[in-house]
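Observations on the three-dimensional arrangement
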Amino acid sequence: MVPEELINFLRKAKKVSVLTGAGISAESGIPTFRGEDGLWKKYRAEELATPQAFAKDPVLVWEWYNWRREIIGKAKPNMGHITIAKWEKIFPSFWVITQNIDGLHRLAGSKNIVELHGNIWKVRCTREGIVMENRDVPLKEIPPKCENCGALLRPHVVWFGESLSIEDIEMAEEISNSSDVMFVVGTSSVVYPAASLPFLTKRRGGIVVEINISETTLTPYADFFFKGKAGEILPEIDSRLNG
Ligand code: BV8
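Definitions and cut-offs
Residues numbered from 1 in each chain as written. Predicted model: local features only at pLDDT ≥ 70, side-chain atom pairs only at ≥ 80, totals over all residues. Heavy atoms only, no water. Pairing = 2+ DSSP bridges. Helix = DSSP H or I, 4+ residues; strand = E, 2+ residues; numbered from the N terminus. Axes fitted to C-alpha atoms, helices over the stretch in contact; angles between N-to-C directions. Contact = heavy atoms within 4.5 Å. Buried < 20%, exposed > 50% of the residue type's maximum accessible area, 1.4 Å probe, protein only. Disulfide = S-S within 2.5 Å. 1 Å grid on protein atoms, 1.4 Å probe; cavity = no way out; pocket = protein on both sides within 12 Å on 5 of 7 lines; lining within 4 Å. Points joined across faces, edges and corners; volume = space filled by probe spheres on them. Nonpolar A, V, L, I, M, F, W, Y, C, P; charged D, E, K, R; others polar.

On the basis of which strands lie adjacent, the open sheet formed by six strands has the order E3-E2-E1-E7-E8-E9 and parallel pairing. Only two strands of the sheet have a single partner each, and these edge strands are strand E3 (113-115) and strand E9 (224-227). Across the sheet, the mean angle from the axis of one strand to that of its neighbour is 15 degrees, orientation sign disregarded. With five bridges joining them, strand E7 (residues 181-185) and strand E8 (residues 207-212) adopt parallel strand pairing. Looking at E8, one finds that Val-185 is bridged to Ile-211. Together, strand E1 (15-20), strand E2 (93-98), E3 and E7 form the strand contacts of helix H7 (residues 166-178), whose direction differs from that of E2 by roughly 130 degrees.

Here it is, written out as structure tokens:
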């Protein structure tokens, strides 16, 4: 059931954005982080996705990413990603801000994307800082080495304790500050600075629409909360909007 009030907001909205987390890719077969089937069933995110963990045991960290690359390599965008890609064409200004590194928004056809935490198909030389694409599944060697200088390669992602790229965070804040409507889809809203973005939208008088299979710390502040799967709720809102 989609409230008429939300449809009216969307019909008038000029700038719409969507902040996504692992939950939007769950229906594509990619495990989320903190759910019962979470990626970190044995480890905690904060212990594995960190520069310290990589320095201590690059093989372990690369085995984890190699396993995720195998899952993500087979994954297809679901109706949640596809609806979001469609909305980029119907709203005057539409941006995706994603915490996900799986690249499924781009695969679904979205172009206006800020990948806050990087991309699993990119690697970076730990000595020269050069970023390269690497789509080997599985990786040819673990840990992979830079072909130029032989140094360790690392995933080109943002780990805990690492700062996001200033351009990305400034872009994400500009989008959030100017959104008439921000959808927040499939995120537990525990990781910062991403979790602070919906509050920028609210502070500027925009509305926040949360879509999640369960309530989160954001839910009390959301103007609309849809309890359900992203791949079902987003197309339902879309069909009411374009009905
Ligand atoms: C930073 C790597 C400045 C890529 C990730 C101490 C020291 C240093 C920093 C901190 C500190 N204490 C706190 C911080 C800040 C820290 C932070 O936020 N920690 C949290 C845990 C408290 N943040 C940082 O470190 C960030 N950098 O602040 O820099 C700085 C620098 C130095 C010192 C201080 C500050 C960097 C954050 C990025 C971390 N990297 N990943 C990778 O391998 O993927 S975060 C990791 O969590 C993923 O990127 C993921 O995207 C992100 C958020 O998780 P979610 O996407 O929300 O996924 P989750 O499983 O949690 O939730 C899924 C949701 O979907 C659930 O709600 C579920 O109900 C729902 N769902 C499931 N199925 C569906 C669904 N919803 C709809 N439909 C469905 N079908």
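The discussion continues.
Note on strand geometry: in a regular strand, side chains alternate between the two faces of the sheet. Most of E1 is tucked away: five of the six residues are buried. Sheet topology note: the E1/E2 ladder contains six bridges and is parallel. Residue pairing for E2: Val-16 is matched across the bridge by Phe-94.

The next thing to look at is the state of the cysteines. Under the criterion given, the structure shown has zero disulfides. Looking at the unpaired Cys-125, the closest cysteine sulfur is the one in Cys-149, lying at 3.6 Å. The exposure class assigned to Cys-125 is buried, which follows from its relative accessible area of 2%. Among the cysteines around Cys-146, which has no disulfide bond, Cys-125 carries the closest sulfur, lying 3.8 Å off.

Before going further, it helps to spend a moment on empty space enclosed by the protein. Under the counting rule described, the total for this entry stands at two cavities of 30 Å³ or more. Estimates place the volume of the largest cavity at around 50 Å³. Together, Thr-98, Asn-100, Asp-102, Gly-103, Leu-104, His-105, Arg-106, Ile-113 and Glu-115 line the largest cavity. Among the elements that make up the lining of the largest cavity, the one with the highest residue count is helix H6 (residues 104-108) (three residues). Classifying every residue of the lining of the largest cavity gives two nonpolar, four polar and three charged. Every residue along the wall of the second largest cavity is listed here: Leu-19, Gln-99, Thr-187, Ser-189, Val-190, Val-191, Ala-194 and Ala-195. Tallied by class, the residues present in the lining of the second largest cavity amount to five nonpolar, three polar and no charged.

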